[in-house]
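Results of the structural survey
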Amino acid sequence: MATEPRTAAERGPVTRTVVALTGATGFIGSGVLAALAGRGVRVRALSRRVPESTAPGTVWVPGDLAAGAGLTELCEGADVLVHLAARVDGCAEECEAANVRGTAALMAAATGAGVGRIVHLSTTAVYGEGPHAGITVDEVPPAPLSEASRTRLLGERHALDAGAYVLRPGLVTGPGDRWVVPALAELVRRVPVRWAGGSARLSIVDRTDLARLVTALALDEHAVPAGVHHASHPEPVRAGDLLAALAALDLLPAPAAGPAVDWEECLRLLAAAPGRVSERQFGLIARDHWYRSEEIWRLAACPPGPGPLARLPEAADWYRTALGRSG
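The structure reproduced in this document is the subject of the present report.

Scoring rules and cut-offs
- Residues numbered from 1 in each chain as written.
- Predicted model: local features only at pLDDT ≥ 70, side-chain atom pairs only at ≥ 80, totals over all residues.
- Heavy atoms only, no water.
- Salt bridge = Lys/Arg side-chain N within 4 Å of Asp/Glu carboxyl O.
- Buried < 20%, exposed > 50% of the residue type's maximum accessible area, 1.4 Å probe, protein only.
- Helix = DSSP H or I, 4+ residues; strand = E, 2+ residues; numbered from the N terminus.
- Patch = residues over 30% accessible without salt bridge, like charges linked within 9 Å, V, L, I, M, F, W, Y side chains within 5 Å.
- Areas by Shrake-Rupley, 256 points an atom, 1.4 Å probe, with all protein chains shown as cover.
- Lys, Arg positive; Asp, Glu negative; His and termini not counted.
- Charge placed at Lys NZ, Arg CZ, Asp CG, Glu CD.
- Expected span 1.5 Å × (residues − 1).
- Contact = heavy atoms within 4.5 Å.
- Pairing = 2+ DSSP bridges.
- Right-handed = clockwise from strand over helix to strand, strands pointing away.
- Axes fitted to C-alpha atoms, helices over the stretch in contact; angles between N-to-C directions.

In total, this model carries 18 salt bridges according to the counting rule given. Its salt-bridge partner being aspartate 89, residue arginine 87 comes within 3.5 Å of it at the nearest N-O pair. Classification of arginine 87 as partly exposed rests on a relative accessible area of 30%. For aspartate 89, a relative accessible area of 47% corresponds to the partly exposed category. Residue glutamate 314 pairs with arginine 311 through a salt bridge whose shortest N-O separation is 3.3 Å. Here arginine 311 and glutamate 314 lie together in helix H11 (residues 308-322), a separation of three residues that amounts to about one turn. We classify glutamate 314 as exposed; its relative accessible area is 52%. In this structure, a network of salt bridges that share partners links the residues Asp209, Arg212, Arg311 and Glu314.

Together, Glu129, Asp262, Glu264 and Glu279 make up a negatively charged patch on the protein surface. Looking at where glutamate 279 falls in the secondary structure, it is placed in helix H9 (residues 279-286).

Turning our attention to helix H4 (residues 147-161). With 15 residues, H4 should reach 21 Å at 1.5 Å per residue; the first-to-last C-alpha distance of 22 Å fits that figure. Elements that come into contact with the buried residues of H4 comprise helix H3 (92-112), strand S5 (117-121), strand S7 (165-168) and strand S12 (227-230). The positive-phi residue at the C-terminal boundary of H4 is glycine 163, with phi of around 85°.

On to the pairing of S5. Among the five residues in S5, five count as buried, and that is most of the element. Residues Arg117, Val119 and Leu121 line one face of S5 and the alternating positions Ile118 and His120 line the opposite face, and both faces are buried. Here strand S4 (residues 80-83) runs beside S5; their pairing, made up of four bridges, is parallel. In the strand pairing of S5, valine 80 is matched with arginine 117. In the classification by handedness, the crossover that spans S4, the intervening H3 and the parallel S5 is right-handed. The pairing of S5 with S7 spans three bridges and is classified as parallel. Of the residues in S7, the one forming a bridge with valine 119 is tyrosine 165.

In this section: the sheet that holds S12. Strands sit in the order S3-S2-S1-S4-S5-S7-S12 across an open sheet of seven strands; the sheet is parallel. The sheet is open, and its two edges are formed by strand S3 (58-62) and S12, each paired on a single side. Averaged over all neighbouring strand pairs, the angle between strand axes comes to 20°, with direction disregarded. Strand direction decides the pairing type here: S7 and S12, joined by four bridges, are parallel.

Just distances and angles here, no functional claims.
Below you can see the structure in the form of structure tokens.
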């Protein structure tokens, strides 16, 4: 008699089309929901409140990840679990509740319901301060600095124990981005010089392309092994090129001219002009944070797309409104 496969990833390609989804109302999750709807699958999405508008084929399940509410109902009868919800700020207890205990309860519900495939979203921020230049998965040991990143790393373990594909993207851009480009807008004001010449290489992925990758992993037949995978666009972006592309779209002022300024002077300028973005967060944008990601796109048979700089014009109107530069 054949034995039951031990992990979700070993159970083979999806044969039906019911996807349980968390984080569907968030920045990345709303893009994934649209991508799943475009594939015609049925989606059961967890939410504390039902949105006014929704994608075709979506059923909303009342629940709360941090409270462990609605998770059994979410997973019952599902073929795939796509877990995108996470606490990305807040105190230790708030992050623990969602990212660790909530993820553990969700994975237990998925395992109990016999869910056949799991995709779990994490972040390269689990690696910590850096700089990191072209590293592979866990080539340097994770050393998260924030409570959000620390607990997301702990949450990964529960997903891995359930046989999940765990994705670590770097910076994510596109409509709905309230961190990357808004942070750059603040930083060019506070540190109006060429940050180390703008040569830092960054792992970035546009939301549209990340959503395609998540959807391919959730629905398609492929040879991706369970475990952790970097999930940015394969080609890193230089910080100076990113600033220039944003300036060309009139989203930011033109990049600073003049000689490159060393890191210590950049930090002095940052400290002299207080703002929302911290020194640690500045380092994520102004110093090398590049993680090799080409393998996941190849294994998933999912073309990575033209790259985040080429995608920026598609998001320009949204960013203009968000940055107050429209009109």
